[in-house]
Amino acid sequence: MNLRYPAESPHPVVRRLATGEFDEGPEYATYRRRGTTDWLLVQTLDGQGRFGQVAAAPGSVTLVHPRTLHDYATVGGRWHFLYAHLHPKPDWLPLLDWPEVAPGIVQLHPAAPTFERIAEHLRDAVRHQHSVLPHAEQLSANSLEAALLWCDTQNPKAVQIDDRLLRAIELIDQDLTASLDVPRLARAVNLSVSRFAHLFREQLGVSPQQFVERRRLDAAARLLELTSRPVASVAAQVGYADPLYFATRFRLHTGSSPTLYRKRS
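Residues numbered from 1 in each chain as written. Predicted model: local features only at pLDDT ≥ 70, side-chain atom pairs only at ≥ 80, totals over all residues. Heavy atoms only, no water.

## Section: the overall build of the protein chain
Stage number 1. On a plain count of helices and strands, the protein chain comes out with nine helices and eight strands.
Stage number 2. Put simply, the protein chain has 265 residues, and 44% of those count as buried.
Stage number 3. Within the protein chain, contacts between residues separated by at least 24 positions form 69% of all contacts whose residues are at least 6 apart in sequence.
Stage number 4. Just so you have it, the protein chain exposes about 13,900 Å², and 53% of that area is on carbon and sulfur atoms.
Stage number 5. Seen as two clouds, the 30 positive and the 28 negative side-chain charges of the protein chain have centres 5 Å apart. (Helix = DSSP H or I, 4+ residues; strand = E, 2+ residues; numbered from the N terminus. Buried < 20%, exposed > 50% of the residue type's maximum accessible area, 1.4 Å probe, protein only. Contact = heavy atoms within 4.5 Å. Areas by Shrake-Rupley, 256 points an atom, 1.4 Å probe, with all protein chains shown as cover. Lys, Arg positive; Asp, Glu negative; His and termini not counted. Charge placed at Lys NZ, Arg CZ, Asp CG, Glu CD.)

This is the structure:
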């Protein structure tokens with residue numbers, strides 16, 4: 001029996017990741033019988049698309065596994081979406097274990113505020129990838145990882161984090177130089193200090209103070225990797241007024257001094 005397939009669409013060449021934003025009309029369609037070797041992530045912003053018989057409605061984030069049939073198209077008059085073709089880092093793989101809606105296709109429907117955060121990070125990934133910065137691809141990958149981390153907060157297969165804690169985490173990440181003590185964070189999410197501290201440790205496994213320090217030191221590590229700023233400047237940018245104290249905490253966190261860490265990176 002001679003089976004006939006639609007015309008094969010071009011295959012993207014993806015070294016690590018390729019991102020973009022499409023706003024397509026009713027004629028848009030893609031068909032790749034054997035899929036691609038990368039993962040495909042699509043966040044539908046407006047209009048509607050489909051993956052085979054799976055609807056890609058506004059508010060959905062769809063992920064297609066490698067070597068899964070690509071048969072996706074606009075449904076109706078318009079499909080506006082952000083996308084990323086990616087070869088994930090090994091430590092990203094647990095973030096891609098979403099509920100399956102068809103063979104090789106998984107999907108999430110994040111709550112509205114989180115959906116917007118995901119879109120913001122994906123747009124950052126697009127912007128960085130098309131910039132002329134020396135570390136544009138790494139910056140793009142970092143933004144994509146942030147989008148996947150926010151997706152994971154909406155994954156019913158993952159450990160669910162209380163929305164109030166998510167707001168506190170967002171407050172922390174917005175300004176690492178701020179005074180991020182427990183009373184201020186607790187007030188910001190309308191919890192008592194004791195309830196906030198208990199809930200934080202219960203769900204995240206560390207105290208709020210430990211979490212803040214990890215966020216600051218992880219941010220410092222990225223600045224040391226990506227910039228040539230003096231160590232004292234890096235320390236100040238992540239909330240440490242005393243460079244010597246920063247260096248001590250950084251060494252405990254990474255096993256290296258800031259200067260040695262930068263040389264190794």
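Don't stop here, the text continues.
## Here we look at the packing of aromatic side chains
When we look at a pair of aromatic rings, we describe it by the centre distance and by the angle of the planes.
Stage number 1. The final tally for this structure, using the stated rule, is 17 aromatic pairs.
Stage number 2. With a centroid separation of 5.8 Å and 85° between ring planes, the pair formed by Phe51 and Trp79 is classed as edge-to-face. Taken together, the residues span a long stretch of sequence, with Phe51 in strand 3 (residues 39-51) and Trp79 in strand 6 (residues 70-86) at a distance of 28 residues.
Stage number 3. Given a relative accessible area of 4%, Phe51 falls into the buried group.
Stage number 4. Trp79 gets classed as buried once you look at its relative accessible area, which sits at 0%.
Stage number 5. Plain terms: the ring middles of Phe200 and Phe211 are 5.3 Å apart, the flat faces sit at 75° to each other, and that makes the pair edge-to-face. Taken together, the positions of Phe200 in helix 5 (residues 193-204) and Phe211 in helix 6 (residues 208-226) put the pair eleven residues apart, joining distant regions of the chain.
Stage number 6. For Phe200, a relative accessible area of 0% gives the class buried.
Stage number 7. Among the aromatic side chains, those forming a connected cluster through ring pairs are Phe22, Tyr28, Phe51, Tyr72, Trp79, Phe81 and Tyr83.
Stage number 8. Against the face of Trp150 rests Arg117, its NZ or CZ located 4.8 Å from the ring centre. (Phe/Tyr/Trp six-rings, centres within 6.5 Å; stacked < 30°, edge-to-face > 60°. Lys NZ or Arg CZ within 6 Å of the ring centre and 35° of its normal.)

## Details of the nonpolar core
Stage number 1. In terms of nonpolar packing, the biggest core is built from 58 residues, with Leu41, Leu86, Trp98, Leu144, Phe196, Phe246 and Phe250 touching the most fellow members.
Stage number 2. Sort the elements by how many residues they give to this core and helix 6 lands first, with eight residues.
Stage number 3. With 13 residues, the next largest nonpolar core counts Leu40, Val54, Val64 and Phe81 among its residues. (Core = buried A, V, L, I, M, F, W, Y, C linked by side-chain atoms within 4.5 Å.)

## Points about the environment of Pro94
Stage number 1. Relative to the elements of secondary structure, Pro94 occurs in the loop between strand 6 and strand 7 (100-102).
Stage number 2. Under the relative-accessibility criterion, Pro94 is labelled exposed at 57%.

## Here's the deal with the side chain of Asn155
Stage number 1. Looking at the secondary structure, you find Asn155 in the loop between helix 2 (136-152) and helix 3 (163-174).
Stage number 2. Those residues in contact with Asn155, other than ones at most four positions away along the chain, are Asp97, Trp98, Pro99, Leu108 and Gln160.

## Points about the packing of helix 1 (residues 112-129) against helix 2
Stage number 1. Look at helix 1 against helix 2: their axes get within 7 Å of each other, and the N-to-C directions meet at 170°. The pairing of helix 1 with helix 2 is recorded here as roughly antiparallel in orientation. Between helix 1 and helix 2 lies a crossing whose hand is left-handed. Here Thr114, Arg117, Ile118, His121, Leu122, Asp124, Ala125, His128 and Gln129 of helix 1 come into contact with helix 2, specifically with Ala136, Leu139, Ser140, Ser143, Leu144, Ala146, Ala147, Trp150 and Cys151.
Stage number 2. Grouping the amino acids of the contact of helix 1 with helix 2 by side-chain chemistry returns ten nonpolar, six polar and two charged. (Axes fitted to C-alpha atoms, helices over the stretch in contact; angles between N-to-C directions. Parallel < 35°, antiparallel > 145°, perpendicular 65-115°, else oblique. Left-handed = near helix turned anticlockwise from the far one by under 90°. Nonpolar A, V, L, I, M, F, W, Y, C, P; charged D, E, K, R; others polar.)

## Comments concerning helix 6
Stage number 1. Taking 1.5 Å per residue as the helical rise, helix 6 with its 19 residues ought to reach 27 Å, and the 27 Å between its terminal C-alpha atoms agrees with that figure.
Stage number 2. Among all positions in helix 6, only Pro208, Phe211, Val212, Arg216, Leu217, Ala219, Ala220, Ala221, Leu223 and Leu224 are buried. (Expected span 1.5 Å × (residues − 1).)

## Some thoughts on unusual backbone geometry
Stage number 1. For Arg67, which is not glycine, the phi dihedral falls at a positive 60°.
Stage number 2. Note on placement: Arg67 falls in the loop between strand 5 (61-64) and strand 6.
Stage number 3. Using a relative accessible area of 63% as the deciding quantity, one classes Arg67 as exposed.

## Quick notes on the pairing of strand 8 (residues 105-108)
Stage number 1. Burial along strand 8 is two-sided: Ile105 and Gln107 and Val106 and Leu108, pointing in opposite directions, are all buried.
Stage number 2. Here strand 5 runs beside strand 8; their pairing, made up of four bridges, is antiparallel. Within strand 8, the residue paired with Val64 across the bridge is Ile105.
Stage number 3. Across two bridges, the pairing between strand 7 and strand 8 is antiparallel. (Pairing = 2+ DSSP bridges.)

## Overview of the pattern of salt bridges
Stage number 1. Counting across every chain of the model gives eleven salt bridges.
Stage number 2. When the shortest N-O distance is used, the salt bridge between Arg50 and Asp71 registers 3.3 Å. Remark: Asp71 occurs in strand 6 and Arg50 occurs in strand 3; sequence separation between them is 21 residues.
Stage number 3. On the basis of relative accessibility, which here comes to 24%, the residue Asp71 falls in the partly exposed class. (Salt bridge = Lys/Arg side-chain N within 4 Å of Asp/Glu carboxyl O.)

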